[in-house]
Amino acid sequence: DTAVSQTPKYLVTQMGNDKSIKCEQNLGHDTMYWYKQDSKKFLKIMFSYNNKELIINETVPNRFSPKSPDKAHLNLHINSLELGDSAVYFCASSHPTSGADTQYFGPGTRLTVL
Amino acid sequence: GNSVTQMEGPVTLSEEAFLTINCTYTATGYPSLFWYVQYPGEGLQLLLKATKADDKGSNKGFEATYRKETTSFHLEKGSVQVSDSAVYFCALITNSGYALNFGKGTSLLVTP
């Protein structure tokens, strides 16, 4: 069974469109994250949710809106896509909320904005 | 603020060569340190971790020791294989933090 899954794996879309990426974890973790990996492979946190509540919101444009319907899911909705949003987006989860506990990553969603 | 600095890649080695990838960090408090690996086209996998000074993390022949005095967590492997070709990320998280701070990654290519 896949621990952290993301859909879709690839997403190609036009500028100005709205799109969503879904993430699900079956590890029973309390905390979920979205990271963005740019073209130079640099990884940066975007959001973190703990028990469906937002605990980290880095300086991300408000076109990006995370939604956590339950502890096992954290979806990322992006409005009015721009060229600079092209990247690989990784979902991750961990338990408990901080410290030394390992974060488990999904396979990533490669978003290409044309 | 917290930050991680890794040696620039790409690193190219012949099979069975010795590998060192340097990683140093700046952090408030006492961070936990991690090495993650990303194989081509895949997500990140935890390779090893250490949670306090002088701890040694090890996995699949890779090792790294948490050195508080030099704020370092260098990754080593005695004999690399072609299958070790990947991008390696050093990362930290502090006790009060909720997200990993990553280095920029080091690409490793092992040739037969």
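Calculation criteria
- Residues numbered from 1 in each chain as written.
- Chains lettered and ligands numbered in written order.
- Predicted model: local features only at pLDDT ≥ 70, side-chain atom pairs only at ≥ 80, totals over all residues.
- Heavy atoms only, no water.
- Pairing = 2+ DSSP bridges.
- Helix = DSSP H or I, 4+ residues; strand = E, 2+ residues; numbered from the N terminus.
- Axes fitted to C-alpha atoms, helices over the stretch in contact; angles between N-to-C directions.
- Buried < 20%, exposed > 50% of the residue type's maximum accessible area, 1.4 Å probe, protein only.
- Disulfide = S-S within 2.5 Å.

Draft legend 1. Focus on the sheet that holds strand S9 (residues 75-77) of chain B. Residue and element names in this part refer to chain B. Reading across the sheet, the four strands line up as S3-S9-S8-S7 and stay open at both edges, with antiparallel pairing between neighbours. If you trace the sheet from one side to the other, it starts and ends with strand S3 (19-21) and strand S7 (56-59), each paired once. Across the sheet, the axes of successive neighbouring strands diverge by a mean angle of 15 degrees, strand direction being ignored.

Draft legend 2. Quick look at the pairing of strand S5 (residues 32-38) of chain B. All names here are of chain B. Counting buried residues in S5 gives seven out of seven residues, a clear majority hidden from the surface. Covered by surrounding structure in S5 are Ser32, Phe34, Tyr36 and Gln38 together with Leu33, Trp35 and Val37, the residues of both alternating faces. Sheet topology places S5 next to strand S10 (residues 86-93); seven bridges connect them, and they run antiparallel. Directly across from phenylalanine 34, in S10, lies its bridge partner alanine 91. In terms of strand pairing, S5 meets strand S6 (residues 44-50) through six bridges, oriented antiparallel. Each residue of the ladder has a partner; that of valine 37, found in S6, is glutamine 45. The loop that links S5 with its antiparallel partner S6 comprises five residues; one of these, glycine 41, has a positive phi angle of about 75 degrees.

Draft legend 3. The state of the cysteines, seen in detail. All names here are of chain A. Going through the model one piece at a time under the given rule, you end up with two disulfides over all chains. Bridging cysteine 23 to cysteine 91, the disulfide has an S-S length of 1.8 Å. Given an S-S torsion of about -75 degrees, the disulfide between cysteine 23 and cysteine 91 has left-handed geometry. Here the residue cysteine 23 occupies a position in strand S3 (residues 19-25), and cysteine 91 occupies one in strand S9 (residues 87-94), the gap between them amounting to 68 residues.

Draft legend 4. A look at the environment of B:Lys52. Structurally, B:Lys52 is set in the loop between S6 and S7. You can call B:Lys52 exposed: its relative accessible area is 51%.

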